[in-house]
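# Geometric and topological summary
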Amino acid sequence: MMALCGVSMAAVYNAGESASWTSMGQVDYREWAANKNFHVGDTLVFNYNNQFHNVKQVTQQGFESCNATSPITTYTNGSDTVTLEKHGHFYFICGYPGHCQAGQKIDISVLPATSNLSPARPPTQSSLSSASSLSLSVPSILLSWAFGGLPAFFLSGFRY
């Protein structure tokens, strides 16, 4: 038998931080992504003016050549959320002419999900037999404590 203990927390990243998703040259997206540890389950948020920008998820080849003609997915609402559902690379570019070439593209390298989950060790035969010998006395003490405290002989030191 194996049990897992712990909690995994996904992070939310705003692409470009306060500058958001833009081609104005305010953000070096390569540097921005290099300073993050993205994991499966994390979320990317792209905020932008959808009159001038969009977000297209593309292949590595589309990313390298800034070719947005065959995207995997296109986002256009101006506040797009993308959950990173598997490890590997996710490539995003702006599909407006000249924007990708101006640096509005981002390569997100996603690592497997992290957590502080650790498998609990399965019980051994000796720990099972120790636990069963305790099971006779522990419940009566716990019940006694739960319903008004320990029996008087524990408190007074009285011997039977």
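See the structure printed just above.
Residues numbered from 1 in each chain as written. Predicted model: local features only at pLDDT ≥ 70, side-chain atom pairs only at ≥ 80, totals over all residues. Heavy atoms only, no water.

### Here we look at the state of the cysteines
Tallied over the full model, the rule gives 1 disulfide. Between the sulfur atoms of Cys66 and its disulfide mate Cys100 the distance is 2.1 Å. Between Cys66 and Cys100, the S-S torsion sits near -70°, and that sign places the bridge as left-handed. With Cys66 in the loop between helix 2 (60-65) and strand 6 (73-75) and Cys100 in the loop between strand 8 (88-93) and strand 9 (105-111), the pair connects residues that are 34 residues apart, well separated along the chain. A residue is classified by how much of its surface remains accessible, and Cys100, at 2% relative accessible area, is buried. Of the cysteine sulfurs around Cys94, a residue in no disulfide, the closest is that of Cys100, at 8.3 Å. (Disulfide = S-S within 2.5 Å. Helix = DSSP H or I, 4+ residues; strand = E, 2+ residues; numbered from the N terminus. Buried < 20%, exposed > 50% of the residue type's maximum accessible area, 1.4 Å probe, protein only.)

### Some thoughts on the environment of Ala15
Tracing the backbone shows Ala15 in the loop between strand 2 (12-14) and helix 1 (29-34). Take Ala15: its relative accessible area is 0%, and that puts it in the buried class. The spatial distance from the C-alpha of Ala15 to the C-alpha of Thr43 is 9.9 Å, given a sequence separation of 28 residues. Residues in contact with Ala15, not counting those within four places in the same chain, are Ser20, Trp21, Tyr29, Trp32, Val45 and Phe46. (Contact = heavy atoms within 4.5 Å.)

### Some remarks on the packing of aromatic side chains
In the structure shown here, the tally under the stated rule is 6 aromatic pairs. Look at Trp21 and Phe46: their rings are 5.1 Å apart centre to centre, the planes differ by 80°, and that puts the pair in the edge-to-face class. In this pair, Trp21 is assigned in the loop between strand 2 and helix 1 and Phe46 in strand 4 (residues 43-47), connecting sequence segments 25 residues apart. Judged by centre distance (5.9 Å) and plane angle (50°), the ring pair of Trp32 and Phe38 falls under tilted. Residue Trp32 shares its accessibility class with Phe38, and that shared class is buried. (Phe/Tyr/Trp six-rings, centres within 6.5 Å; stacked < 30°, edge-to-face > 60°.)

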